[in-house]
Amino acid sequence: MIEILQWTTLIASGAAALSRIPNLVRRKNPSIFYALALLTLAILLSIHGPYMAIDAALGGTNLANLLLRFIIFGAIYFLALRIAAGFGDSRGRQLIRGSIGTSALALISVAMLVCFALMDTSGSSAGMAEVAAKNPRNALLVEYYGAAGRAYPAYVCLAILPGLLRAVKGQLPALLRISAALLAVGTIAIPLSLLFPAIPPELGFLRFIINYTAILCFVVGLALIWVAGSRARRKPGPVSARRR
């Protein structure tokens with residue numbers, strides 16, 4: 001079931017990224033393509049088979065996991081900025097691009113790099129489970145490393161959540177309000193990842209469900225925005241939705 005969810009999400013994200021290539025060629029909102037492309041790469045790296053192959057090519061020291069974390073940072077950054085701009089959330093954009101957001105990114109990145117450098121990361125391990133099992137010190141560092149990796153996406157999502165909730169309750173067309181609702185579900189699911197250490201091993205599958213539900217909500221929500229924009233452009237008269 002988990003593999004089906006992973007590959008389904010990968011296909012959906014990849015298809016969404018490919019659909020943005022014409023706009024990329026026209027230099028229209030290229031950040032959406034970059035975000036979806038990074039998200040697709042992140043999903044690929046989170047799947048066991050591709051991860052093991054890619055990390056082996058990088059030397060078998062789990063550099064692929066560190067790369068995955070920074071790819072997620074980039075994807076969530078671009079996605080959140082476009083979502084905030086699309087729904088007119090200037091406060092959310094400021095929290096991400098301003099000094100607070102920049103400081104959060106810098107501090108979290110340094111913390112993650114330090115934890116990674118202090119670990120014995122030899123031997124490819126998707127999810128870092130085998131790395132954590134080596135010794136108690138590694139286990140603790142993996143927990144800190146994972147927490148840092150989840151902290152920045154959680155911060156970004158919480159920054160744009162109020163704007164999405166306002167959009168859901170606002171006067172936008174129904175399709176855009178549905179899109180905002182799906183995106184809001186995604187932005188709620190990602191901060192829930194901070195609770196992952198509290199999930200018992202026998203319920204570990206919940207981590208995958210939460211993560212991939214968030215990604216699917218983002219992809220489908222963005223797709224609905226594109227559909228709404230296409231419909232609005234075909235209608236005469238003023239358009240109530242934001243430009244995409």
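Described below are features of the structure shown in this document. (Residues numbered from 1 in each chain as written. Predicted model: local features only at pLDDT ≥ 70, side-chain atom pairs only at ≥ 80, totals over all residues. Heavy atoms only, no water.)

Remarks on helix 1 (residues 2-19)
Note that an α-helix has 3.6 residues per turn; residues three or four places apart therefore point the same way.
No. 1: Helix length check: helix 1, at 18 residues, gives a terminal C-alpha distance of 26 Å against a target of 26 Å (1.5 Å per residue), a fit within 8%.
No. 2: All buried positions along helix 1 are accounted for by Gln6, Thr9, Leu10, Ser13, Gly14, Ala16 and Ala17. Taken end-on, helix 1 shows its buried residues confined to a sector of 160 degrees, consistent with a single buried face. Seen from the open side of helix 1, the exposed residues pointing more than 90 degrees away from its buried face are Ile4, Ile11 and Leu18. (Helix = DSSP H or I, 4+ residues; strand = E, 2+ residues; numbered from the N terminus. Expected span 1.5 Å × (residues − 1). Buried < 20%, exposed > 50% of the residue type's maximum accessible area, 1.4 Å probe, protein only. Arc of directions from axis to C-beta.)

Some details on the nonpolar core
Nonpolar side chains in soluble globular proteins tend to end up buried together.
No. 1: Ile83, Phe87, Ile96, Met119, Tyr145 and Leu164 are the most contacted members of the largest nonpolar core, which totals 60 residues.
No. 2: Looking at this core, the elements with two or more residues in it are helix 1, helix 3 (30-46), helix 5 (63-86), helix 6 (90-97), helix 7 (99-118), helix 9 (136-169), helix 10 (174-192) and helix 11 (205-234).
No. 3: If we ignore the near neighbours within four places in the chain, the residues touching leucine 164 are Ile83, Phe87, Ala180, Leu183, Ala184 and Thr187.
No. 4: In terms of nonpolar packing, the next biggest core, distinct from the first, is built from six residues, Ala42, Tyr51, Ala64 and Ile71 among them. (Core = buried A, V, L, I, M, F, W, Y, C linked by side-chain atoms within 4.5 Å. Contact = heavy atoms within 4.5 Å.)

Digging into the environment of methionine 112
No. 1: For methionine 112, the location among the structural elements is in helix 7.
No. 2: Separated by 110 residues in the primary sequence, methionine 112 and leucine 222 place their C-alpha atoms 29 Å from one another.
No. 3: Setting aside chain neighbours within four positions, we find methionine 112 in contact with Leu66, Arg69, Phe70, Phe73, Tyr145, Ala148 and Gly149.

Some remarks on the packing of aromatic side chains
No. 1: For the coordinates displayed, the defined rule picks out six aromatic pairs.
No. 2: One aromatic cluster is present, formed by Phe33, Tyr34, Tyr77 and Phe78 through successive ring pairs. (Phe/Tyr/Trp six-rings, centres within 6.5 Å; stacked < 30°, edge-to-face > 60°.)

Some points on a nonpolar patch on the surface
No. 1: Residues Leu18, Ile21 and Val25 make up a contiguous nonpolar surface patch of roughly 290 Å² in combined accessible area.
No. 2: Turning to its location among the elements, isoleucine 21 is positioned in helix 2 (residues 21-25). (Patch = residues over 30% accessible without salt bridge, like charges linked within 9 Å, V, L, I, M, F, W, Y side chains within 5 Å. Areas by Shrake-Rupley, 256 points an atom, 1.4 Å probe, with all protein chains shown as cover. Salt bridge = Lys/Arg side-chain N within 4 Å of Asp/Glu carboxyl O.)

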